[in-house]
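Close look at the chain arrangement
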Amino acid sequence: MGKTLHVLIAVFFTSFGWSQNLKLPTGDTLRVSQIAQKQDLSQLNVLQFDFDENGYLWAGTEDGLNRFNGYNMYTYSQGTDETSGLTDDHIRGLLYRNDTLWLGTNTHAVQAYIPSQNKFLHYRDHEKITADPSLSFAHGIYEVNSKYLLAATLKNCILIDRKSGGITTLPLPNPAANDYVLGLINHSEENIWLGTYFNGILKLDLQKMTIEDMPQFNTLDNNPVHAFQKSAANEVLIGTQKGLFKYSFSSEELQLIGQPEQESGIRCFFDWNENYYLLGGTKGIKFLNKQTYNIKPVVLAGFEKEVFSPVEILQVKQDAGGGVWMGSQGKGMFYYHPARQKFTPQRIELKNEPEKDFISIFNFLREGETLWMATAIGYVKHDMRADTYELYRTNKLGYTLVKDSQGQIWGGGFDLGLEKYNRKKDLFKDVTPLTGIPDRDVAEIIPLSKDSIWVSTWASGIYSVDPQTFEAHQVKINGRDIHRSRASFISEDGTIWLGADDGLYRISGSETRKYTHKSGSEGSLSNDRVFSITQDENNNLWIGTAQGLNKLDLQTDEITSYLEQPGLPNDFIYGVLADNNNDIWVSTNRGLSKFDRETETFTNFTEQDGLQNNEFNGKAAYKDSLGYLYFGGMNGYNKFHADSIPVNTHAGRTIIEEVELFGTPIERNVIYTDTLSFEHDENVITFKFTALNFLLPQKNNYQFKMLGFDKDWRPVTKERSTTYTNLNPGTYTFLVKGSNNDLKWGAPDSLVLTIRAPWYKTVWFRAFAILFFLLLITGVYLYRYNLKKAENLRLHKMVEGRTAELRKTNNDLSKAMHLAKEQKNNIAFLMQELNHRVKNNLQLIASLLDIQKETIQDESARNNLQAAQNRLFTIAAIHDLLGAKKPGENFKLDEFVSSLARELVSFMDEGVHLDFNLEVLKVHKKCITPLGIIINELVTNTLKHAFPGNRNNKKIEISLSREGELIRLDYKDNGIGIPDNFKDENSLGFNLVENLARQLKGHLEILKVPEGAHIVILFKC
């Protein structure tokens, strides 16, 4: 069955469910839609119709079989193929059951059409039918029970076994030339009553398989019996060509109801609700009271005001969405839905008034059961209980009506000025001359207090008028006059809002703020011309302008605009009201629209929904204390309560009906198809779809997306087709969902679409290519493996030869390394011995110098020997230090300087106090020797020359620090200082220090200090 939903529509569905919710029409008119040539109905005589499980309407006419989707008919006509298609266009009978459409044709007997298979079955060649030519003339198709269907033919009945499809023919008793069955009713499981054209009522006995005469109904002979309806009073109603009869099962009496000449031609019954039956017949439709059997005639009328009466109604059924369908003789079909007429248009009915049909309304005011209206010809008072209208004719346009806090009614309009209603005299009096207001065009009246009402004029600004004395003075807003202020609203806190042609004014005490339209700026009014103002329960102000609806959030002062593109039917907003559900209603030039704040969607209503007209008027929007909304326009007004508007809750199935390839429909039964496949170059595909909602289908909306191509649902549209181009090879799923006229969305329909890849992109080709590539790689690998194996064998032999050579070389190297290790140990021993001998020799030389010094009396020679001895001591200390360090190891300069200085002082003069301020520094060993000699020379020079006479408190201070990349050595003592001419004395020690400083890439500087000596050496190491 593919996509078919196996939802069977019960035979007598029309007697239950939705039908119980149908109400009688107001007045004598049932508003319907006509389905005729405009919807491509093949012919206007619709003899029988039914619905399939998808929700399609099938109608049989005298010129073809029709399937209706709400927009147009798809017609099956007699074709050239007499074996597989429809063989007779004249369809007299039609019944849909279990995926089979049974047809009774005029000359080709019974046919059956199976939609899921798009296949016709024919019985004309059956041996029983060919044996009796009268069996080829089929009329109605009826359901007998769960086992049989009955096809009415001339002089006979054909029983069709619903399971096997086999047939049994049963002749009518004593048939006239053109007698046939017109209808039936189940008297019991085995006894079926048949209504006939000439022989009244017959009995079909399913046990005996016979059709027998019923004498109790002989009075109905020659009176075509079309329909039966069982009632709750153990009675059956019988519709005949000559009237309506009632048969009592208990008394077995047959009784005529009503007057035959008035109630003749009853063709069908429909159970309308718990109180009424709908009768269809040759004189139109009527309602029959189930208790009293009183009959009420009803005419059919469309919203185009065309009245279809009398119309011969042949059949009435109800669809799954609650709509009632009527098949007619010569007028096509009619469709009624209880949720269609959402509003009831009301006209001002005035006796002897030539303009009573089109009186334009501009303002409303309700007092109890009295509704006041300002109209184009004056004021109108409507008594809502008596449903009467009274005109206070002025022949001038009344524009505004208000009631002040004292209960006084005020009116105004164009060339009317300001008028006050006198209740005792029941008239309006012009009080404009008493106020002195120069402008007689009054656009708005605003009661502020018992002492003041504001009167807004068209061209002279706003005036404050005392209701008692009529004294008036002009009101300036921001120091100027405000013209054409036609809309106002007063908040609970006393804030006055005024709408004019130049924007919206907010007046709170002495402060006034103006809201206007700023081009290209978000958060401003969409247009400066303000026509209506109201407030909702969420502290939002709603403003209707000449171009769009605006919401002003009074807490954040932000403005949001709603224009025609997002959903409004028209940008020109005349009236704005908030209903008791806090939804917003607006009137426009193209109908009414309701804005749902939660979903932020608009629901639009037009004249088809029962509006007075699509065009409404400015200021003609009013909400009374009971929550009723009033909107006036060019042809009357609409009064309604938001909670009483009927809603169509049945969305209907959305079905993909057709798929086109490059603009040509494919030859597939797409409705019952789950998947489609196309070649890679067949990628321009059009989908056509429909939502089976028959109530105002032009208001249906659609959304669709292609899984695998679209990231999200496409925008809502009314279009019923879409085209995808250049789809890449792959698998996609097309989804489409539809809404009904009241934006109730149904479940989506889906179709899986496969675009096959070209041969070079197919899986088998890719698998072959991969396999070939793997084989190629394997061959190359084996070839290279064999080459490598041969090469490895050759190399193996070379390695074995080289290995032998390497073994010999390794042995020789081992011996050489062993010998080198012995030599290294010997060298280390010799170096150790050499260092020891150098150290001993240095100590020996120092001792010899010390002995020599003691034997020399010359002071200068002694000093020279002492200097040499010191230098030799320093060199010995450095030698020890270098000998103790590992190769490449750095030296801690601070430790070296402090240790050397202490040893020198200890060696020469223990009475000198040493102070160190040494930064921790590490230097290379190449710096140690020159630095050691420099320290030696400086300390020796201090000990020799700085402290003559063996003075006390002798002190030497040595500092080390780093300055960038240089090392700074500060040497200080508190001796007698350095003489100015010491360089002239050709001092060997100073020259040595200066040369060593240059060797360290530095320089020496002698600083002048008050006491002692201060030498600075900067060097790089």
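Summary of the structure given here. Fair warning: this is a prediction, and the values are worked out from it, not measured in the lab.

1. Some words on the overall build of the chain
In terms of regular secondary structure, the chain is built from eight helices and 73 strands. Across the 1021 residues in the chain, those meeting the buried criterion constitute 49%. For the chain, the share of sequence-separated contacts (at least 6 apart) that also reach a separation of at least 24 residues comes to 53%.

2. Description of the packing of helix α6 (residues 893–908) against helix α7 (residues 928–946)
Taken N-terminus to C-terminus, the directions of α6 and α7 make an angle of 35 degrees; their axes are 10 Å apart at the nearest point. Seen along the crossing, α6 lies across α7 with a hand that is right-handed. Here Leu-893, Phe-896, Val-897, Leu-900, Leu-904, Val-905 and Met-908 of α6 lie close against α7, whose contacting residues are Ile-928, Leu-931, Gly-932, Ile-935, Asn-936, Val-939, Thr-940, Leu-943 and Lys-944. A class-by-class count of the residues in the contact of α6 with α7 yields 12 nonpolar, three polar and one charged.

3. Focus on the pattern of salt bridges
The tally for this structure, following the rule as stated, stands at 41 salt bridges. A salt bridge links Glu-369 to Arg-366, with the shortest nitrogen-to-oxygen separation between them at 3.4 Å. Taking the relative accessible area as the measure of exposure, Arg-366 reaches 14% and is therefore buried. Here Arg-590 ties to Glu-564 by a salt bridge, and the two come within 3.3 Å at their closest N and O atoms. One end of the pair, Arg-590, is in the loop between β53 (584–588) and β54 (591–596); the other, Glu-564, is in the loop between β51 (558–562) and β52 (575–578), and 26 residues separate them in sequence. A relative accessible area of 47% means that Arg-590 is categorised as partly exposed. A relative accessible area of 31% means that Glu-564 is categorised as partly exposed. Residues joined in a network through salt bridges with shared partners are Asp-50, Arg-97, Glu-143, Arg-162 and Lys-317.

4. Focus: the environment of Asp-430
Within the fold, Asp-430 resides in strand β39 (residues 427–430). Residue Asp-430 is classed as partly exposed on the basis of its relative accessible area of 27%. Expressed as a C-alpha distance, the spacing of Asp-430 and Gly-417, which sit 13 residues apart in the sequence, is 6.8 Å. When sequence neighbours within four positions are dropped, the list of residues in contact with Asp-430 reads Leu-416, Leu-418, Glu-419 and Arg-440. A distance of 2.7 Å separates the side chain of Asp-430 from the side chain of Thr-432, its partner in a polar contact. A polar contact of 2.6 Å, which involves the side chain of Asp-430, links it to the side chain of Arg-440.

5. Side note on the environment of Phe-896
In this structure, Phe-896 sits in helix α6. Its relative accessible area of 7% is what places Phe-896 among the buried residues.

6. Remarks on the sheet that holds strand β38 (residues 417–422)
With antiparallel pairing, the four strands of this open sheet are ordered in space as β36-β37-β38-β39. Since the sheet does not close on itself, it has two edges, and those belong to β36 (397–403) and β39, each with one partner. The sheet shows a mean angle of 30 degrees between the axes of neighbouring strands, direction not considered. Note: β38 against β39, four bridges, orientation antiparallel. Of the residues in β39, the one forming a bridge with Lys-420 is Lys-429.

7. Here we look at α6
Taking 1.5 Å per residue as the helical rise, α6 with its 16 residues ought to reach 22 Å, and the 22 Å between its terminal C-alpha atoms agrees with that figure. Of all the residues in α6, the buried ones are Leu-893, Asp-894, Phe-896, Val-897, Ser-898, Leu-900, Ala-901, Leu-904 and Val-905.

8. Notes on the pairing of strand β6 (residues 73–76)
Inspection of the sheet shows strand β5 (residues 64–68) paired to β6 by four bridges, in the antiparallel sense. Opposite Asn-66, over in β6, you have Thr-75 as the bridge partner. Joining the antiparallel neighbours β5 and β6 is a turn of four residues, in which Gly-70 adopts a positive phi near 105 degrees.

9. Remarks on empty space enclosed by the protein
This model, assessed by the stated rule, comprises two cavities of 30 Å³ or more. Here the second largest cavity defines a volume of roughly 30 Å³. Lining of the second largest cavity is provided by Leu-893, Val-897, Leu-931, Ile-935, Leu-960, Leu-969 and Phe-1019. Looking at the lining of the second largest cavity, the elements with two or more residues in it are α6 and α7. When its residues are assigned to classes, the lining of the second largest cavity shows seven nonpolar, no polar and no charged.

10. Considerations on the sheet that holds strand β34 (residues 378–383)
An order of β32-β33-β34-β35 is seen for the four strands of this open sheet, with the pairing classed as antiparallel. In the strand order of this sheet, the two ends are held by β32 (361–367) and β35 (388–393), each with one partner. Averaged over all neighbouring strand pairs, the angle between strand axes comes to 20 degrees, with direction disregarded. Taken together, the six bridges between β34 and β35 define a ladder with antiparallel strand orientation. For Tyr-379, the partnering residue across the bridge sits in β35 and is Tyr-392.

11. Description of the packing of aromatic side chains
This structure, assessed with the given rule, holds 65 aromatic pairs. Pairing Phe-343 with Phe-605 gives two aromatic rings, centres 5.2 Å apart and planes at 85 degrees, and the pair type is edge-to-face. Of the two residues, Phe-343 sits in the loop between β30 (333–336) and β31 (345–346) while Phe-605 sits in strand β55 (residues 601–605), which places them 262 residues apart along the sequence. Look at Phe-605 and you get buried, because its relative accessible area is 4%. Between Phe-343 and Phe-640 the ring centres are 4.9 Å apart and the planes differ by 70 degrees, which places this aromatic pair in the edge-to-face class. Taken together, the positions of Phe-343 in the loop between β30 and β31 and Phe-640 in strand β58 (residues 636–641) put the pair 297 residues apart, joining distant regions of the chain. The exposure classification of Phe-343 matches that of Phe-640, with both residues buried. Joined through ring pairs, the aromatic side chains of Phe-687, Phe-689, Tyr-702, Phe-704, Phe-709, Tyr-724 and Phe-734 make up one cluster.

12. Describing the side chain of Asp-536
Looking at the secondary structure, you find Asp-536 in the loop between β48 (530–535) and β49 (540–545). No salt bridge is formed by the buried Asp-536; the nearest opposite charge belongs to Arg-597, separated by 4.6 Å. In terms of polar contacts, Asp-536 uses its side chain to reach the backbone amide nitrogen of Asn-539, at 3.3 Å. A polar side-chain atom of Asp-536 sits 2.9 Å from the main-chain amide nitrogen of Asn-540. Once residues within four sequence positions are removed from consideration, Asp-536 is found in contact with Trp-542, Ala-578, Asn-582, Ile-584 and Arg-597.

Rules used throughout
- Residue numbers run consecutively from 1 along every chain, following the written order of its sequence.
- Whole-chain, interface and lining totals are the exception, using all residues; otherwise, since this is a predicted model, local features are given only for residues with pLDDT of at least 70 and side-chain atom pairs are given and counted only at 80 or more.
- Hydrogens and water are ignored here; the side-chain numbers use all heavy atoms of the structure.
- Helix and strand labels come from DSSP, where a helix needs a run of H or I of at least four residues and a strand needs a run of E of at least two; each type is numbered from the N terminus.
- Throughout this description, buried means an accessible area under 20% of the type-specific maximum (1.4 Å probe, protein chains only), exposed means over 50%, and partly exposed covers the range between.
- We call two residues in contact when some of their heavy atoms are within 4.5 Å.
- Note on method: axes are straight lines fitted to C-alpha atoms, helices fitted across the in-contact stretch only, with angles between N-to-C directions ranging 0 to 180 degrees.
- By definition, any crossing whose near helix is turned counterclockwise from its far helix by less than a right angle is left-handed, and any crossing with a clockwise turn is right-handed.
- Classification used: nonpolar for Ala, Val, Leu, Ile, Met, Phe, Trp, Tyr, Cys and Pro, charged for Asp, Glu, Lys and Arg, polar for all others including Gly.
- Salt bridges are counted wherever a side-chain nitrogen of Lys or Arg sits within 4 Å of a carboxyl oxygen of Asp or Glu.
- Within 3.5 Å is the distance limit for a polar contact, defined as a pair of N or O atoms, with the added protein rule that one can donate a hydrogen and the other accept it, and that residues adjacent in sequence qualify only through two side-chain atoms.
- Think of it this way: DSSP has to see at least two bridges between two strands before they count as a pair.
- One less than the residue count of a helix, multiplied by 1.5 Å, gives the span that helix is expected to have.
- Cavity means a closed set of points on a 1 Å grid over the protein atoms alone, one where a 1.4 Å probe fits but cannot get out, pocket means an open set with protein on both sides within 12 Å along at least 5 of 7 lines, and lining means a residue has an atom within 4 Å of a point.
- Grid points are joined across faces, edges and corners, and a volume is the space filled by probe spheres set on the points.
- Pairing of aromatic rings covers Phe, Tyr and Trp, the last through its six-membered ring, and needs centres within 6.5 Å; plane angles under 30 degrees mean stacked, over 60 mean edge-to-face, and all others mean tilted.
- In this tally, Lys and Arg are treated as positive and Asp and Glu as negative; His is ignored, and so are the chain termini.

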